[in-house]
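Secondary and tertiary structure notes
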Amino acid sequence: MATKQQVTCSSFPDVPRGMDLLVHPALNKATAFTEEERSNRGLHGLLPPHVENIEEQVVRAYEAYKRKDDDLERHIYLRALQDTNEVLFYRLLLDHIEEMTPMVYTPVVAQACQQFSHIYRRPRGLFISYPLRDSMSKLLRNRPNAYVDIIVVTDGERILGIGDQGAGGLGIPIGKLSLYTLIGGIRPERTLPIVLDVGTNNAERLNDPEYIGWRHERISGQEYFDFIDQFVQAVKEELPGACLQWEDFATPHARPILQRYRDQLLTFNDDIQGTSAVALGAIFSAVKVTGRSLKDQRIVMFGAGSAGIGVADGLREAMKGEGVSEQDSRRHFWMVDKDGLLHSGRKDLTPEQIVYAQPESRLSGWLPTANGRIGLADVIGKIEATILIGLSTVGGAFAETIVREMARKVQRPIIFPLSNPTVNSEATADDLIHWTDARALVATGSPFAPVSFGERNISVAQCNNVFIFPAIGLGVVASGARRITDNMMLAAARALAANSPVLKDSSAPLLPPLTDTRRVAAQIAVAIGMQAQKDGVAPWLSEDELGQKVLAAQWTPSYSLITP
Ligand code: NAI
């Protein structure tokens, strides 16, 4: 097997000299170039004489980071380091993963996207602007590195909770790919962030004299879908083996794009599939703690939009895997949206929602409330709910009476207020722990500080996609998968659940700490690869062989020796 050093050099066959080497972000070692490298590469005099190791460099970089006095400045500092010395950037991040992950990705990346045109420094990734649509393949050929494992692409329309950011949305693929490398170990030079610059309807961006994107309202309708199609065909031609991850597309575009292309290339949508997988992972681990199987659960979903339906669909697939029939699987769900419980008497349901409509025969004796709808409190009052999941955007909707009523009937209620941002959370972690005397198994969408309860300090898991997408990248790279199936996402959720700290300590969080994500990602990657084989979309390998391939594929930030 090739050593890491040889691999790195073969990624860059023409290692430059002098200043060209010092400004090459992937090869620059700055003060860590050895005497020999300095002699061979014409670096003497360009660097201070003391040769440092990476640990010493990390100390200095961390000091500089600490001097920044706001989060955006910290983000800018880290991005600048990434653009000048990638190995040091990743090593610094790895050493301070809990502190710095929020600076390169959510939540601070939201500000970075809003300010993208103002904080722009150096090129990274590709801008594919609508006026250049007929040169799409040429643009892709201009990519900085020939070999690409993972592409993250956005059209900037639905960036986190801050809406349309136009070309500034590129900040998201850049941040996300940093985590593919940091956690999944995808080689940094084999990642490619892309923004499809199809205009923006954000008046603030359009009126900003410094806006760097195509100053035009968004293209839409058939023109939009034709452009997406041109892009996908160009990716298939230029980078046929790369994994294409769709990121932060508006809901009316996200699902049709995924449905259209998921059988044509190696592709997935993290907002739809990754989100569902991480929530399922947390639910599976909570269910294990209760000692009852998934098919014994009665699940109340508050919010029946794209996220709610996505999580419910995943749970139903998992139930079917436990031998529950399609028809019976539906009976486990009680879905409530802004017009109340979904039932067969309602005429306003979409085809995806009709699946979850309770037959009216099951509701005999249920009286609708004054406004004619059956609300969350009515459902919790009538049934013995074991799981309550909020994906409604309604802050505080899990009121004390509702939570206490649920906890009165079940020993360990599973309660997940998953809406973001924090003000939209259906309940706070603190309230849920106190209202249930710490019996509730809680995971949240937004981060909450540990809850102090009696003598204990209870940490609550945050359902963060970071547990899933880097592992998917690693899994498909190592296994050689050609497609990403629903079963692979389910396998990822199960492997995440198998690594839950709560399995060893019933008061521990439902999901692992960030400091453990690299190890967990490797295990999830193996599960994904094995499932890909079962689904016939990856070549056969034994589990041991796949495990070794996963470990070999997981890049760690350390300097390579540059040979003459
Ligand atoms: P959506 O707009 O598609 O769906 C919202 C749903 O909530 C709809 O069914 C709507 O009828 C329902 N709703 C609104 N007001 C309500 C009320 N007063 N009572 C009952 N139901 C009500 O939105 P989407 O994309 O499904 O996202 C929902 C929330 O989930 C957002 O806050 C989003 O940030 C969050 N989310 C969290 C994730 C996580 O991993 N933590 C992942 C994805 C979404």
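Described below are features of the structure shown in this document. Predicted, not measured: the structure shown is a model, and the values here were computed from it.

Definitions and limits used
- Residues numbered from 1 in each chain as written.
- Predicted model: local features only at pLDDT ≥ 70, side-chain atom pairs only at ≥ 80, totals over all residues.
- Heavy atoms only, no water.
- Pairing = 2+ DSSP bridges.
- Helix = DSSP H or I, 4+ residues; strand = E, 2+ residues; numbered from the N terminus.
- Axes fitted to C-alpha atoms, helices over the stretch in contact; angles between N-to-C directions.
- Contact = heavy atoms within 4.5 Å.
- Near = heavy atom within 4 Å.
- Polar contact = N/O pair within 3.5 Å; in protein donor to acceptor, adjacent residues only side chain to side chain.
- Salt bridge = Lys/Arg side-chain N within 4 Å of Asp/Glu carboxyl O.
- Buried < 20%, exposed > 50% of the residue type's maximum accessible area, 1.4 Å probe, protein only.
- Parallel < 35°, antiparallel > 145°, perpendicular 65-115°, else oblique.
- Left-handed = near helix turned anticlockwise from the far one by under 90°.
- Nonpolar A, V, L, I, M, F, W, Y, C, P; charged D, E, K, R; others polar.

So, the sheet that holds strand β5 (residues 267-269)
One open sheet accounts for five strands, arranged β1-β3-β2-β4-β5; its pairing is parallel. Here the strands that pair on one side only, and so sit at the sheet edges, are β1 (126-129) and β5. In this sheet, adjacent strand axes meet at a mean angle of 20° when their direction is disregarded. When strand β4 (residues 243-246) meets β5, the two strands line up parallel, connected through three bridges. Its bridge partner being in β5, W246 is matched across the sheet by N269. Lying on the sheet, helix α14 (residues 251-261) is in contact with β4 and β5; it crosses β5 at an angle near 160°. Here helix α15 (residues 270-290) sits on the sheet and contacts β4 and β5; the angle it forms with β5, its principal contact strand, is near 75°.

What about the site of the ligand?
In the vicinity of the ligand lie 18 residues, with T275, A304, A307, L418 and N420 positioned nearest. With respect to the ligand, the backbone of A304 contributes an N or O atom lying 2.8 Å from an oxygen atom. Interatomic distance of 3.0 Å between a backbone N/O atom of N420 and an oxygen atom of the ligand.

A few points about the pattern of salt bridges
When charged atoms on two side chains of opposite charge get close, those side chains can pair. Tallied over the full model, the rule gives 35 salt bridges. With its nearest N and O atoms 3.4 Å apart, the salt bridge here joins R91 to E55. Residue R91 is found in helix α6 (residues 86-95), and its partner E55 is found in helix α4 (residues 54-67); the two are separated by 36 residues along the sequence. By relative accessible area, R91 is classed as buried at 18%. Across the pair E238 and R141 runs a salt bridge, and its minimum N-O distance is 2.7 Å. Here E238, found in helix α13 (residues 221-238), pairs with R141, found in helix α10 (residues 136-141); they are 97 residues apart in sequence, far enough to count as distant. With relative accessibility at 48%, the residue R141 sits in the partly exposed group. In the salt-bridge network here, residues are joined through shared partners; they are D313, R316, E317, K320, E326 and R330.

Brief notes about the packing of helix α22 (residues 469-479) against helix α24 (residues 517-534)
Relative orientation of the contacting elements α22 and α24 amounts to 50°, with a least axis distance of 8 Å. Judged by the angle between their axes, α22 and α24 are oblique. Here α22 runs over α24; the crossing is right-handed. Touching A471, I472, L474, G475 and S479 of α22 are A521, A522, I524, A525, I528 and G529, all from α24. The residue inventory of the contact of α22 with α24, partitioned by class, reads eight nonpolar, three polar and no charged.

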